[in-house]
Amino acid sequence: MKILLKKSIVITGSLFFAVFAVSLILYIVQDKTKEKRVLFFTVTNSSRFIGEIRYLQKKASQEDGIAQIIEEAVLGPENEKYFRIVPRNTRVLSVMLRDNKLYIDFSYDVLLYDRDVKAGIDERFKILTNTIIFNYPFIKKVFYFVNGEPFLGSAMSSGLVFTKGLFY
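The rules we used
- Residues numbered from 1 in each chain as written.
- Predicted model: local features only at pLDDT ≥ 70, side-chain atom pairs only at ≥ 80, totals over all residues.
- Heavy atoms only, no water.
- Patch = residues over 30% accessible without salt bridge, like charges linked within 9 Å, V, L, I, M, F, W, Y side chains within 5 Å.
- Areas by Shrake-Rupley, 256 points an atom, 1.4 Å probe, with all protein chains shown as cover.
- Salt bridge = Lys/Arg side-chain N within 4 Å of Asp/Glu carboxyl O.
- Helix = DSSP H or I, 4+ residues; strand = E, 2+ residues; numbered from the N terminus.
- Buried < 20%, exposed > 50% of the residue type's maximum accessible area, 1.4 Å probe, protein only.
- Phe/Tyr/Trp six-rings, centres within 6.5 Å; stacked < 30°, edge-to-face > 60°.
- Lys NZ or Arg CZ within 6 Å of the ring centre and 35° of its normal.
- Pairing = 2+ DSSP bridges.
- Contact = heavy atoms within 4.5 Å.
- Axes fitted to C-alpha atoms, helices over the stretch in contact; angles between N-to-C directions.
- Core = buried A, V, L, I, M, F, W, Y, C linked by side-chain atoms within 4.5 Å.

Moving on, we get to a nonpolar patch on the surface. Nonpolar side chains collect at one region of the surface, where Phe16, Phe17, Phe20, Leu24, Tyr27 and Ile28 lie side by side and expose about 740 Å² of accessible area between them. Structurally, Phe16 can be placed in helix H1 (residues 2-29).

Structure below.
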């Protein structure tokens, strides 16, 4: 009986150590070139928006990482229950980060009608801003341009600017 008890303790201990060793090895060699990001899209039959997790390649600079998130948002959601936030043909012309202020220039297509986009024009930019600020909280303001010209919303005369406290 004592021999059987000792064998079971040794086997259990060995299994525990083996699982621990494999877990440790997997943790050490895991792909550290990806980072978790959250992109926001509109929800079917609703004016609310919801986050979708993406694992994106780490970029050398924050500006490149932000540009990648914007490009992913332009590509649209993976979940078919969510809607795009900008029309399919929209192109990102430039992304510039200076003094915690972000400047994004889109092609004119960002303003066009698309049946797959359920958000209004101002709401598109609000959702995109929420995505950017959620992933990069140090950004204080986001300025939008369309074909190099400041985008003028009806509520703002100096350009469409969103600040951090506006969304949460």
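A few words now on unusual backbone geometry. At Asn100, a position not held by glycine, the phi torsion is positive, near 60°. Assessed through its relative accessible area of 33%, Asn100 is described here as partly exposed.

The final tally for this structure, using the stated rule, is 9 aromatic pairs. Ring geometry for Phe40 versus Phe49: centroids 5.7 Å apart, planes at 80°, classification edge-to-face. Geometrically, the ring pair formed by Phe40 and Phe134 is edge-to-face, given 5.4 Å between the ring centres and 90° between the ring planes. Separated by 94 residues along the polypeptide, Phe40 in strand S1 (residues 34-43) and Phe134 in helix H3 (residues 121-135) bring together distant segments of the chain. For Phe40, a relative accessible area of 10% translates into the label buried. Residue classification places Phe134 among the partly exposed positions, given a relative accessible area of 43%. Lying across the ring of Tyr136, Arg37 places its NZ or CZ 4.6 Å from the centre.

Take the sheet that holds strand S3 (residues 82-83) next. In spatial order, the strands read S2-S1-S3; together these 3 strands make up an open sheet with antiparallel pairing. Unpaired on one side and paired on the other, strand S2 (49-57) and S3 mark the two borders of the sheet. Sheet topology note: the S1/S2 ladder contains 9 bridges and is antiparallel. Looking at the pairing, Phe40 lines up with Gly51 of S2. Running at roughly 155° to S1, H3 makes contact with S1 and S2 of the sheet.

Here the structure, examined in full by the defined rule, presents 7 salt bridges. One salt bridge in this structure joins Arg54 and Glu52, with 2.8 Å as the shortest N-O distance. On the accessibility criterion, Glu52 (7% relative accessible area) is buried. What emerges from the salt-bridge pattern is a single network uniting Glu52, Arg54, Glu72 and Glu78.

Turning our eyes to something else, we now look at the nonpolar core. General note: in soluble globular proteins, nonpolar side chains tend to be found buried as a group. Formed by 31 residues in total, the largest nonpolar core has its most connected members in Ile66, Leu102, Ile104, Phe106, Ile132 and Tyr144. Elements with a minimum of two residues in this core: S1, helix H2 (62-75), strand S4 (92-98), strand S5 (101-106), H3 and strand S6 (141-146). At 5 residues, H2 tops the list of elements feeding residues into this core. With near-sequence residues (within four places) excluded, Ile104 lies in contact with Ile70, Val92, Ser94, Ile132, Val142, Phe143, Tyr144 and Phe145.

Fair warning: the whole summary comes from geometry, so function is off the table for now.
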